[in-house]
Amino acid sequence: MENIKELENKMIIEKMGEHRTFYKFTEKNKLGETLTVEISETYPDNTSKHSLPNLWKEHGFTNKLYDSYLNVQCYVTDKEGTCWGKYNPTEKLSENRKRKVINFDYLLEVSKENKQYLLDLIYKMFMKANNRKV
């Protein structure tokens, strides 16, 4: 993992509210793309049996009830100015490859360390990109 200060020197951090932040990376990758990552801290009301964490646990997607989790969106703009959702470890293609679903391996609770881990992982995926496949 990169040192947090080294990574912070490669981005502009824009706090949009108490629990929502945009991280705009200043470097382009080999494909000439730019990257903005939005991370929202989510604190669900688990007193409701219909909360997402309750449903995830009930249906076997997780083995614990999440009191908080990080919601990640990645906005990647290519040389032509088209914006794509790429390099997001918290999502993956479904089994039939027709839609994106949550990648529960990267569903992490709210913490400074987990934010750093996800930002570092996303940045590495972004910088290693070498083809235009979405």
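Residues numbered from 1 in each chain as written. Predicted model: local features only at pLDDT ≥ 70, side-chain atom pairs only at ≥ 80, totals over all residues. Heavy atoms only, no water.

Visitor: Got a sec to walk through unusual backbone geometry? Specific residues and values, please.
Guide: Phi at Y87 takes a positive value of approximately 65°, unusual for a residue other than glycine. With respect to the helices and strands, the residue Y87 is situated in the loop between β5 (83-84) and β6 (91-93). Residue Y87 is classed as buried on the basis of its relative accessible area of 12%. Residue R97 is not a glycine yet carries a positive backbone phi of 60°. (Helix = DSSP H or I, 4+ residues; strand = E, 2+ residues; numbered from the N terminus. Buried < 20%, exposed > 50% of the residue type's maximum accessible area, 1.4 Å probe, protein only.)

Visitor: Describe the side chain of S68, and please don't skip the residues or the numbers.
Guide: By the secondary structure assignment, S68 is in the loop between α2 (52-58) and β4 (69-77). A polar side-chain atom of S68 sits 3.2 Å from the main-chain amide nitrogen of V110. Those residues in contact with S68 that lie beyond four places of it in its chain are T42, Y43, P44, L108, E109 and V110. (Polar contact = N/O pair within 3.5 Å; in protein donor to acceptor, adjacent residues only side chain to side chain. Contact = heavy atoms within 4.5 Å.)

Visitor: So what about the layout of surface pockets? Which residues, and what values?
Guide: Empty space within the second largest pocket amounts to approximately 210 Å³. What lines the second largest pocket is a set of 11 residues, and nearest its centre among them are E8, I13, Y23, K112 and K115. Contributions of two or more residues to the lining of the second largest pocket are made by α1 (4-8), β1 (11-17), β2 (20-25) and α3 (112-128). Considering every element that reaches the lining of the second largest pocket, the biggest residue donor is α3, with four residues. When the residues that make up the lining of the second largest pocket are grouped by side-chain class, the tally is five nonpolar, two polar and four charged. (1 Å grid on protein atoms, 1.4 Å probe; cavity = no way out; pocket = protein on both sides within 12 Å on 5 of 7 lines; lining within 4 Å. Points joined across faces, edges and corners; volume = space filled by probe spheres on them. Nonpolar A, V, L, I, M, F, W, Y, C, P; charged D, E, K, R; others polar.)

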